[in-house]
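# Remarks on the overall topology
Each chain, letter by letter, is given below.
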Amino acid sequence: MSLNHVRPWRNIYRRESRQIHVGNVPVGGGAPISVQTMTNTITSDAKATIEQVLRAADAGADIVRVSVPDVDSSKALKEIVRESPVPIVADIHFHYKRGIEAAEAGAACLRINPGNIGSEAKVREVIQAARDNNCSMRIGVNAGSLEKHLLEKYGEPCPDAMVESGLDHIKILQDNDFHEFKISVKASDVFMSAAAYQQLADATDAPIHLGITEAGGLMSGTVKSAIGLGQLLWMGIGDTMRVSLSADPVEEVKMGFEILKSLGLRHRGVNIISCPSCARQGFDVIKTVETLEKRLEHVKTPMSLSIIGCVVNGPGEALMTDVGFTGGGAGSGMVYLAGKASHKMSNEQMVDHIVEEVEERAAAIEDEASQDAANSSTLSDSK
């Protein structure tokens, strides 16, 4: 990432890893951190699963994982892959034939633990199927399903046991000259996950998939994930991630982007900066922000919007945002555009007006980007 020499405290130095591909999505090697989710439909119901994949992709998911537990799911996978606008990861547990079928059906990646699917011959068959079909793999270590010999060795799930499990699985793939893999070491315990990922980052150059597994519901799970994944991302660890929630997969995608946006690692949609509100507020900040979040979901262009209830911090925050609104007048507030005070607007009309201003600013940003791309292409052709 580019370094900020003016504000060096904002710099995140990402861990160096080799790069693989999950379909057309590069993972590791300096590529943008990809956001992943998983469907919770019955995979054999191709129609329902495709609908959920499309919703997740529209929310910004770069990669979507689906379970492939049985033959019917394998049969449906080909249609799901064909209709999906993003790469599909097939979640495989124990049965090696499902892995082969998924690779042949067009899955971009297999989520699999090679040591759990049987004999060396079966492992080689899955690896060959992945190789033949340009399919990468994710080694998925989970504290809740560690191998028996590791639990006996360490006494309980712990970071050392998780990393040893991961390295054992890596060795199986490397011994078969297969290197297109990423790896995760997930636990529901934030401390255990963070410690395991830090050890793993030092032990391998493979791309790392981040996650706090079984994190909980929308609120509690997001908090756990923000704490655990946030600190790892801040340290530069992580190449792809999933916020695992007992919630709609679309919410996982939204929360994933919010975590990345807060660290300046990805930018998508409107970043709303708003105050918690107090007795100084000139309008109902909480209700306004809630409404704007819903009204602006369709805007994909990275941009910032400040919504501040009074003039104490409002003008200062507005200086740093694309669009801003500061309350404090008698039933009206000041609209800021590109950091400068522009015009007053009544509180009653403010929401509709801000949506229009944001949409106009988003269109202008997109036009500027298109023009820059065209100029760069012209310059390149003239050389």
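As a reminder, the structure under discussion sits directly above these lines.
The paragraphs below set out a description of the structure included in this document. (Residues numbered from 1 in each chain as written. Predicted model: local features only at pLDDT ≥ 70, side-chain atom pairs only at ≥ 80, totals over all residues. Heavy atoms only, no water.)

Structurally, the position occupied by Thr213 is in the loop between β9 (209–210) and α8 (218–234). Side-chain polar atoms of Thr213 contact the side chain of Glu214, separated by 3.3 Å. Contacts of Thr213, omitting those with residues within four sequence positions, involve Asn142, Lys186, Ala187, Ser188 and Ser244. (Helix = DSSP H or I, 4+ residues; strand = E, 2+ residues; numbered from the N terminus. Polar contact = N/O pair within 3.5 Å; in protein donor to acceptor, adjacent residues only side chain to side chain. Contact = heavy atoms within 4.5 Å.)

Time to look at unusual backbone geometry. The phi torsion at Phe94 lies on the positive side, around 75 degrees, for a residue other than glycine. Considering the arrangement of structural elements, one finds Phe94 in the loop between β5 (88–91) and α3 (96–104).

A few words now on the packing of aromatic side chains. The tally for this structure, following the rule as stated, stands at 1 aromatic pair. Each ring, one from Phe283 and one from Phe325, has its centre 5.4 Å from the other, and the planes form 75 degrees; the classification is edge-to-face. Residue Phe283 is found in the loop between β11 (270–274) and α10 (285–295), and its partner Phe325 is found in strand β13 (residues 323–326); the two are separated by 42 residues along the sequence. Both residues of the pair, Phe283 and Phe325, belong to the buried class. Between Arg268 and the ring centre of Phe257, over which it is positioned, the NZ or CZ distance is 5.8 Å. (Phe/Tyr/Trp six-rings, centres within 6.5 Å; stacked < 30°, edge-to-face > 60°. Buried < 20%, exposed > 50% of the residue type's maximum accessible area, 1.4 Å probe, protein only. Lys NZ or Arg CZ within 6 Å of the ring centre and 35° of its normal.)

Among the residues of α10, Val285, Thr288, Val289 and Leu292 are the ones counted as buried. On an axial view of α10, the arc spanned by its buried residues comes to 95 degrees, and they lie on one face. The exposed residues of α10 that point more than 90 degrees off its buried face are Ile286, Lys287 and Lys294. N-cap assignment for α10: the residue whose side-chain oxygen lies 3.4 Å from the backbone N of Ile286 is Asp284. (Arc of directions from axis to C-beta.)

Right, let's get into the pattern of salt bridges. A complete count under the given rule lists 21 salt bridges for this structure. A salt bridge links Arg15 to Asp239, with the nearest nitrogen and oxygen atoms 3.5 Å apart. In this pair, Arg15 is assigned in the segment before β1 (20–22) and Asp239 in the loop between α8 and β10 (240–242), connecting sequence segments 224 residues apart. This pair shows no difference in class: Arg15 is buried, exactly as Asp239 is. Note that Asp352 and Arg295 form a salt bridge whose closest N and O atoms lie 3.1 Å from each other. Residue Asp352 is found in helix α12 (residues 347–382), and its partner Arg295 is found in helix α10; the two are separated by 57 residues along the sequence. Relative accessible area serves as the criterion here: at 35%, Arg295 is assigned to the partly exposed category. Shared partners join several salt bridges into a network, and the residues in it are Arg14, Arg15 and Asp239. (Salt bridge = Lys/Arg side-chain N within 4 Å of Asp/Glu carboxyl O.)

Okay, the nonpolar core next. Side chains that are nonpolar tend, in soluble globular proteins, to be buried together. In this structure, Leu77, Leu110, Met137, Met162, Leu210, Leu233 and Met241 are the most contacted members of the largest nonpolar core, which totals 76 residues. Beyond its immediate chain neighbours, meaning those up to four positions away, Met241 contacts Ile33, Ser34, Val35, Gln36, His209, Leu210, Leu229, Leu233, Gly256, Ile259 and Leu260. Counting residues in each nonpolar core, the second largest holds 21 residues, with Leu305, Val323, Met345 and Val351 among its members. (Core = buried A, V, L, I, M, F, W, Y, C linked by side-chain atoms within 4.5 Å.)

With that out of the way, let us pick up the environment of Ala143. Along the polypeptide, Ala143 turns up in the loop between β7 (136–142) and α5 (148–154). Accessibility expressed as a relative area gives 12% for Ala143, which makes it buried. On a C-alpha basis, the gap between Ala143 and Gly217 in space is 19 Å, while along the polypeptide they are 74 residues apart.

Let's shift gears to the pairing of β5. By the alternation rule, side chains of β5 split into Ile88 and Ala90 and Val89 and Asp91, which are all buried. Here 4 bridges tie strand β4 (residues 63–67) to β5, and the two strands are oriented parallel to one another. Bridging from a neighbouring strand, Val64 pairs with Ile88 of β5. On the question of chirality, the crossover connecting β4 to the parallel β5 by way of helix α2 (residues 71–83) is right-handed. Summarising the sheet, β5 and strand β6 (residues 109–111) pair through 3 bridges and their orientation is parallel. Its bridge partner being in β6, Asp91 is matched across the sheet by Arg111. A crossover connection joins β5 to the parallel β6 through α3; in handedness this β-α-β unit is right-handed. (Pairing = 2+ DSSP bridges. Right-handed = clockwise from strand over helix to strand, strands pointing away.)

Each pair of packed helices can be summarised by the angle the axes make with each other and by the distance between the axes. At a minimum axis distance of 10 Å, the contact between helix α1 (residues 46–59) and α2 shows a crossing angle of 30 degrees. On the basis of their axis angle, the class for α1 and α2 is roughly parallel. Between α1 and α2 the crossing geometry is right-handed. Residues Ala46, Thr49, Ile50 and Leu54 of α1 lie in contact with α2, whose contacting residues are Ala76, Glu79, Ile80 and Glu83. Taken together, the residues of the contact of α1 with α2 break down into 5 nonpolar, 1 polar and 2 charged. (Axes fitted to C-alpha atoms, helices over the stretch in contact; angles between N-to-C directions. Parallel < 35°, antiparallel > 145°, perpendicular 65-115°, else oblique. Left-handed = near helix turned anticlockwise from the far one by under 90°. Nonpolar A, V, L, I, M, F, W, Y, C, P; charged D, E, K, R; others polar.)

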